[in-house]
Amino acid sequence: MSGLRFVAERTGDSAGQPFLDTDNGEELMYVQPGTAIVLGSRPPESPGTLYITTKQVVWLSDTDRSKGYAVDFLSVSLHAVSRDPEAYPDPCLYAQIDNGVEDDQSEGSSDEADESTDLSRITELRLVPSDPNQVDTLFQIFCECAELNPEPIEEEEEEHNWIFSADQLENQEAALEEDSEWMISQNSTHPIGHSNGDHDLAHNVLQLQINDQRFEDAEEMDSDSKNGHH
């Protein structure tokens, strides 16, 4: 599932922690308490705890154990530090989310819907730590985890790549050498007839050679006939 999703289950005591997919190597990378989350154009949620793992970003409310949000790093298309008060009053980490929904169906619709439907339309979020100095740290952690989750290569792209094996390259080179030898042998037969593909010009030059030879033969015959009369 792409995009932002709702998290209700937790593990541990007190406010709880998110479940990790340890069987597939998911590890907890960073925990930032006292962090508010802003989903799209909604008002900020009350501060909670931010958990960053090798696979996803999870925010859990400190006051409502049934409320939490998560997004996989594969769905985070962009993240950046925002300190522009015109964009948002407090320093925060801004992230864009690829939710797999067409632009005309994304957030901004005025239709009332349940919470899960609303989340499917969220295309951006802000993480606002209570300590503004933590914004740069969050950005660095995001960068490290994004590198651990490169975009998968589509099968179609793999089928159409232009990478040749060593055997294929050798076959290509052998074919080119054969073509080159053929061209040289053909051109050496009539070197003056090769004119970069201009066959008419080649024909005319060869015809001129033939005519010259006939003219020389005619002169010799004429000279021999004259010598025979004397």
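Above this text you will find the structure in question.
Residues numbered from 1 in each chain as written. Predicted model: local features only at pLDDT ≥ 70, side-chain atom pairs only at ≥ 80, totals over all residues. Heavy atoms only, no water.

A.B. asks: So what's going on with the pattern of salt bridges? Residues and values would help.
C.D. replies: Taken as a whole, this structure holds three salt bridges when the rule is applied. A salt bridge links E45 to K67; the shortest N-O distance between them is 3.3 Å. Residue E45 is found in the loop between strand 2 (28-39) and strand 3 (48-53), and its partner K67 is found in the loop between strand 4 (56-61) and strand 5 (68-72); the two are separated by 22 residues along the sequence. We classify E45 as buried; its relative accessible area is 17%. In this structure K67 comes out as partly exposed when scored by relative accessible area, which is 24%. With its nearest N and O atoms 3.0 Å apart, the salt bridge here joins R83 to D136. Here the residue R83 occupies a position in the loop between strand 6 (76-82) and strand 7 (92-97), and D136 occupies one in helix 2 (residues 135-147), the gap between them amounting to 53 residues. (Salt bridge = Lys/Arg side-chain N within 4 Å of Asp/Glu carboxyl O. Helix = DSSP H or I, 4+ residues; strand = E, 2+ residues; numbered from the N terminus. Buried < 20%, exposed > 50% of the residue type's maximum accessible area, 1.4 Å probe, protein only.)

A.B. asks: I'd like a rundown of the packing of aromatic side chains, residues and numbers included.
C.D. replies: Scanning the model with the defined rule gives three aromatic pairs in all. A ring pair is formed by W59 and Y69, whose centres lie 5.9 Å apart and whose planes are at 20°; its orientation type is stacked. Separated by ten residues along the polypeptide, W59 in strand 4 and Y69 in strand 5 bring together distant segments of the chain. Aromatic pair F73 and F142: ring centres 5.3 Å apart, planes at 75°, arrangement edge-to-face. Taken together, the residues span a long stretch of sequence, with F73 in the loop between strand 5 and strand 6 and F142 in helix 2 at a distance of 69 residues. For F73, a relative accessible area of 4% puts it in the buried group. Given the relative accessible area of 3%, F142 is considered buried. (Phe/Tyr/Trp six-rings, centres within 6.5 Å; stacked < 30°, edge-to-face > 60°.)

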